[in-house]
Amino acid sequence: MLRIRNLQAGYGKLRVLRGVSLHVRAGELVTIIGANGAGKTTLLHTVAGLVPAQGGEIEFDGTDLTRVAAYSIVGHGCALVPEGRQVFAVMSVEENLLLGAYTRPTRDRAGVRETLESVYRLFPVLRERRRQYAGTLSGGEQQMVAIGRARMAQPRLLMLDEPSMGLAPLVVKDIFKTLAGLHAAGVTILLVEQNARAALAIADRGYVMETGAILMEGAARDLLNNNDVQRAYLGKDYQSIGERTLPGAETQRQTR
Amino acid sequence: MPGRYTPLLILSALVVGLQLATAATGTSYYLTQLTMTAYYTLVVVGLCILMGYAGQISLGHAGFFAIGGYTTAFLTTFNLAPHAQQPVAALLLRTGLAVSSRDLYGAALTTLHPGLAFLCALALAAGVAVLIGIPVLRLKGHYLAMATLGFGLIVYRVVLGTPALGAADGLSDVPAFVLAPGVKITGGAAGRIANYYAAWGLVILGALLVLNLMQSRAGRALAAIHGNESAAQALGINTAAFKLRLFVFSAILAAAAGALLTHYTGGIGPSEAGIMKSVRYVAIVAVGGMANLWGTIGASALLNFLSLRGYFGIYDDAVFGGCLVGMMLFAPQGLRARATFDRLRAWVRGRRRT
């Protein structure tokens, strides 16, 4: 469905993505994990057209997205749930959601209503709060608004940028459960996360990104069990230090 | 819960009430300034949504006002009689799009129909808005303000330096514009009341248009652009096209106001295109509160009326400049009329319960 080849992008002279290649098949849940500054957000922004590509190609269902303006990429069926949620604070929850359906034809009122209902079924709490300003919601509820808003466009590919950011662990669990549910219902998802363990637990496949390039690719289960990934992103040693409390443990952590 | 049209009804009631009050007290000469106030209010209604909802500042709206006024004034005073043989003039005469009359000295005068001139004025303003909007709206913040300021200066200098537009004298002897049977847009005591209602009727119509626009899909898109432009784009909103359309819409409102005020006062001079006029419009929107339509209409009605009656004397421009500086310093969100009302309503309700 999505095939990225040798993608290069950045800001001004700063090159952030140095030849990224990856693909997402229809129905898959693919996650990209990596540390801060690895280029994960830039990658999603480039796919969404918010950052211009400087080289390479992004093929989405046969269309080259590098040639499509940001505002018409949603119309091609590729929606982004941005980092930090970016809900419109002084608009009501329902207005936020309706904005998500912006690219759908105005005649299709019944269809938009139906999608709205499906979002409310997915997140019942949003129905209760639909008249409330989105800015007054909790972080987790705002994340639901952001996901619901992207769903309103009925995209074939849903891209999420750090949905766990700044949320309480219990809320994160809920959000990931929802994502797993969407995946089970056949939605194609590209998930960028720093919370590698949670992301890999629900994903089919994963990519490890570092300093603007893909370092590793594989089935999510394999990555979860991979020693390098565990050490770098899952904090395996850290945990075992806590469990073992060996005399040399402090120095071992510092050398990591 | 008050409906969204409640303020509109209040405004209509105020308009009628004010007219009845002037009739009862024998001060109907106030209606002349109130009519002119209405036309200036039409300009700030357009500017209010451009600034408040799309977050675009324009220090060039007096330019659009002048384009509307001057186009109307020029086309309705340009004598076609000596050119009657030329094909364009002949066609206009034959199709009834030109009107013939006699001037003050009894010479034959043939001019373009005011309705057609009005449409030309709107079309010219829209065209200019598109042409300068495409490059200028790529700018943001004070760069956008500077660019629109430049546009206003250009219009001012052009009308001041063009002999065909009367240079420093401007154009006068603009004929009446028959808007509807019995409603003639022109000065003079006879049509005062009709003109007053026509002008404020247009303001109410403009406000109604804006209200409905804001509640629609386009209004949500505009609010999203104001909230976060990148996020709006990520939702599939063509932000550049939206900003341009709104810019053109507000330019058309300004041009319509300029054209009608020119018919009303019978002429237009270069001061209408001046930079201080643009600053005045921005100051009024700032006082009313950036995205507050009713606050803006109220501020415009009050300040314009006081200014037109001459209460500010030689400090006229200073008052508006001072308003702008004061608002930016102490209340960049505008005088929160809404918050004041809410507090008042809570107080009244608290009273009733005891």
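Our structure is the block above this text.
Figured I'd write up the structure that's included with this text. (Residues numbered from 1 in each chain as written. Chains lettered and ligands numbered in written order. Predicted model: local features only at pLDDT ≥ 70, side-chain atom pairs only at ≥ 80, totals over all residues. Heavy atoms only, no water.)

Concerning the nonpolar core
Among the nonpolar cores identified, the biggest contains 103 residues, and B:Tyr39, B:Phe64, B:Ile237 and B:Tyr281 are the most heavily contacted of them. Here B:Phe64 is in contact with B:Ala125, B:Val128, B:Ala129, B:Ile132, B:Phe151, B:Phe247, B:Ala251, B:Ala254 and B:Ala255, once residues within four sequence places are set aside. Counting 44 residues, the second-largest nonpolar core is a separate cluster that includes A:Val81, A:Val112, A:Leu158 and A:Val172. (Core = buried A, V, L, I, M, F, W, Y, C linked by side-chain atoms within 4.5 Å. Buried < 20%, exposed > 50% of the residue type's maximum accessible area, 1.4 Å probe, protein only. Contact = heavy atoms within 4.5 Å.)

Some details on the pairing of strand S9 (residues 205-210) of chain A
Residues and elements named next belong to chain A. For S9, a buried count of five out of six residues is recorded, marking the element as mostly surrounded by other parts of the structure. Sheet topology note: the strand S3 (residues 29-34)/S9 ladder contains five bridges and is parallel. Bridging from a neighbouring strand, Val30 pairs with Arg205 of S9. With six bridges joining them, S9 and strand S10 (residues 213-219) adopt antiparallel strand pairing. Across the sheet, residue Gly206 finds its bridge partner in S10, namely Gly218. (Helix = DSSP H or I, 4+ residues; strand = E, 2+ residues; numbered from the N terminus. Pairing = 2+ DSSP bridges.)

Some remarks on the sheet that holds strand S8 (residues 188-193) of chain A
Residue and element names in this part refer to chain A. Read across the open sheet, the six strands follow the order S6-S7-S8-S3-S9-S10; overall the sheet is mixed. Only two strands of the sheet have a single partner each, and these edge strands are strand S6 (78-81) and S10. Strand-to-strand, the axes of this sheet are offset by a mean angle of 15°, without reference to chain direction. Strand contacts of helix H6 (residues 139-151): S6 and strand S7 (157-161), with the helix running at about 170° to S6, the strand carrying the most contacts. This element, helix H7 (residues 169-184), spans S3, S7 and S8 of the sheet and lies at about 155° to S8. (Axes fitted to C-alpha atoms, helices over the stretch in contact; angles between N-to-C directions.)

Overview of the packing of helix H11 (residues 275-288) of chain B against helix H13 (residues 316-330) of chain B
Residue and element names in this part refer to chain B. One can describe the packing of H11 onto H13 by two numbers: an axis separation of 9 Å at closest approach and a directional angle of 40°. When the axes of H11 and H13 are compared, the pair comes out oblique. The handedness of the crossing between H11 and H13 is left-handed. Listed contacts from H13 to Met276, Val279, Arg280, Val282, Ala283, Ile284, Ala286 and Val287 of H11 are Asp316, Asp317, Phe320, Cys323, Leu324, Met327 and Met328. Classifying every residue of the contact of H11 with H13 by side-chain character gives 12 nonpolar, no polar and three charged. (Parallel < 35°, antiparallel > 145°, perpendicular 65-115°, else oblique. Left-handed = near helix turned anticlockwise from the far one by under 90°. Nonpolar A, V, L, I, M, F, W, Y, C, P; charged D, E, K, R; others polar.)

Overview of a nonpolar patch on the surface
All names here are of chain B. On the surface, Val325, Leu329 and Phe330 cluster together into a nonpolar patch covering about 380 Å² of accessible area. With respect to the secondary-structure elements, Leu329 resides in helix H13. Its relative accessible area of 61% is what places Leu329 among the exposed residues. (Patch = residues over 30% accessible without salt bridge, like charges linked within 9 Å, V, L, I, M, F, W, Y side chains within 5 Å. Areas by Shrake-Rupley, 256 points an atom, 1.4 Å probe, with all protein chains shown as cover. Salt bridge = Lys/Arg side-chain N within 4 Å of Asp/Glu carboxyl O.)

Remarks on the environment of B:Val248
Residue and element names in this part refer to chain B. When you line up the elements, Val248 lands in helix H10 (residues 239-265). Sequence spacing of Val248 and Gly187 is 61 residues, and the spatial spacing of their C-alpha atoms is 29 Å. Beyond its immediate sequence surroundings of up to four residues, Val248 is in contact with Ala126, Ala129 and Val130.

Considering helix H3 (residues 93-100) of chain A
In terms of residue burial, H3(A) counts as a mostly covered element, since six of its eight residues are buried. Lining the buried residues of H3(A) we find helix H4 (109-122), helix H5 (124-128) and H6 of chain A together with helix H8 (217-227) of chain B.

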